[in-house]
Amino acid sequence: GQQLNQSPQSMFIQEGEDVSMNCTSSSIFNTWLWYKQDPGEGPVLLIALYKAGELTSNGRLTAQFGITRKDSFLNISASIPSDVGIYFCAGQLYYPNYGGSQGNLIFGKGTKLSVKP
Amino acid sequence: DARVTQTPRHKVTEMGQEVTMRCQPILGHNTVFWYRQTMMQGLELLAYFRNRAPLDDSGMPKDRFSAEMPDATLATLKIQPSEPRDSAVYFCASGLVRGTSGGGGYNEQFFGPGTRLTVL
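Residues numbered from 1 in each chain as written. Chains lettered and ligands numbered in written order. Predicted model: local features only at pLDDT ≥ 70, side-chain atom pairs only at ≥ 80, totals over all residues. Heavy atoms only, no water.

Draft legend 1. Structural view of unusual backbone geometry. The omega torsion of the bond from Ser7(A) to Pro8(A) falls at -5 degrees, within 30 degrees of zero and hence cis. By the element assignment, Pro8(A) lies in the loop between strand S1 (5–7) and strand S2 (10–13). In this structure, Pro81(B) follows Gln80(B) across a cis peptide bond, with omega equal to -5 degrees. Looking at the secondary structure, you find Pro81(B) in the loop between strand S8 (74–79) and strand S9 (88–95). Positioned with a positive phi, Ala78(A) is a non-glycine residue whose angle comes to about 45 degrees. Here Ala78(A) lies in the loop between strand S8 (71–76) and strand S9 (85–93). Take Ala78(A): its relative accessible area is 38%, and that puts it in the partly exposed class. (Helix = DSSP H or I, 4+ residues; strand = E, 2+ residues; numbered from the N terminus. Buried < 20%, exposed > 50% of the residue type's maximum accessible area, 1.4 Å probe, protein only.)

Here it is as structure tokens:
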């Protein structure tokens, strides 16, 4: 099936540092979403992107929809301890012959953010 | 504060028993998804519905899993009989797909808190 390659798999952060993660695919997407999951909870939507090249911010978070429509990145500026968790990218495939979309998302494997010991 | 609710939050059962998980989607949403999350596989889509009609259940083991939407406020996922390999966290998500031509629908999915299932 379709896959999203999300990297890095994990990273350690020190308070105040900027963080960057990305997702790539060999397929074209018409939607990119970024989620954060805390332990014992469901993923929470952070940012949604709908147009190639779109750059969207949500507080200290910034995400971009790649111009090729095959990638997206998420940046977190000036990280704080509550940023720890698992971040997932998710994409909706583009089906030009089916009115654009089928509605379901494909998820990356996640980037686990931990505090540097 | 609209959110997806799931019950139960935790379920421990013995192999062979029937398990039913319930989900109440956000009022007004027209799509409902069931996912399974494990350490090894990550988030896997099991099935999804639009306007209560099943669109895709190819991710589900058909011999033991079934998903239904008896009405717009309730989605169920049933496992019968359950097996230890079914142990995972099961998430329900709902969304509102708008627009069907030219560039696709908007598909922001909102997740419930999950049901953590342990089959002994």
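Draft legend 2. Main features of the pairing of S9(A). Residues and elements named next belong to chain A. In terms of residue burial, S9 counts as a mostly covered element, since 8 of its 9 residues are buried. With 8 bridges joining them, strand S4 (residues 29–37) and S9 adopt antiparallel strand pairing. Pairing of Tyr35 across the sheet is with Phe88, part of S9. Bridge count for S9 against strand S11 (residues 111–115) is 3 bridges, and the pairing is antiparallel. Counted as the bridge partner of Tyr87 is Thr111 from S11. Both S9 and strand S10 (residues 106–107) contribute to a ladder of 2 bridges, which runs antiparallel. Of the residues in S10, the one forming a bridge with Ala90 is Phe107. (Pairing = 2+ DSSP bridges.)

Draft legend 3. Focus on the state of the cysteines. Inspection of every chain in the model, using the stated rule, returns 2 disulfides over all chains. Between the sulfur atoms of Cys23(A) and its disulfide partner Cys89(A) the distance amounts to 1.7 Å. Negative torsions about the S-S bond denote left-handed disulfides, and the value of about -85 degrees found for Cys23(A) with Cys89(A) makes this one left-handed. In this pair, Cys23(A) sits in strand S3 (residues 19–24) while Cys89(A) sits in strand S9, placing the two residues 66 residues apart along the sequence. Overall, the relative accessible area of 0% leaves Cys23(A) in the buried class. Put simply, Cys23(B) and Cys92(B) are joined by a disulfide, and their sulfur atoms are 1.9 Å apart. Here the disulfide of Cys23(B) and Cys92(B) is left-handed, its torsion about the S-S bond being about -55 degrees. Residue Cys23(B) is found in strand S3 (residues 19–24), and its partner Cys92(B) is found in strand S9; the two are separated by 69 residues along the sequence. (Disulfide = S-S within 2.5 Å.)

Draft legend 4. Main features of the packing of aromatic side chains. Going through the model one piece at a time under the given rule, you end up with 9 aromatic pairs over all chains. With a centroid separation of 5.8 Å and an interplanar angle of 85 degrees, the aromatic rings of Phe107(A) and Phe111(B) are classed as edge-to-face. Placement of Phe107(A) in strand S10 and of Phe111(B) in strand S10 (residues 109–111) is noted, with the two residues assigned to different chains. The residues Phe107(A) and Phe111(B) share a single accessibility class, namely buried. For the pair Phe33(B) and Tyr48(B), a centre-to-centre distance of 5.1 Å together with 20 degrees between the ring planes defines the contact as stacked. Taken together, the residues Phe33(B) in strand S4 (residues 31–38) and Tyr48(B) in strand S5 (residues 42–50) connect sequence positions 15 residues apart. In this pair, the class of Phe33(B) matches that of Tyr48(B), namely buried. Taken together, the ring pairs in this structure connect Tyr35(A), Phe107(A), Phe33(B), Tyr35(B), Tyr48(B), Phe91(B) and Phe111(B) into an aromatic cluster. (Phe/Tyr/Trp six-rings, centres within 6.5 Å; stacked < 30°, edge-to-face > 60°.)

Remember that the coordinates give geometry; whether it matters functionally is a separate question.
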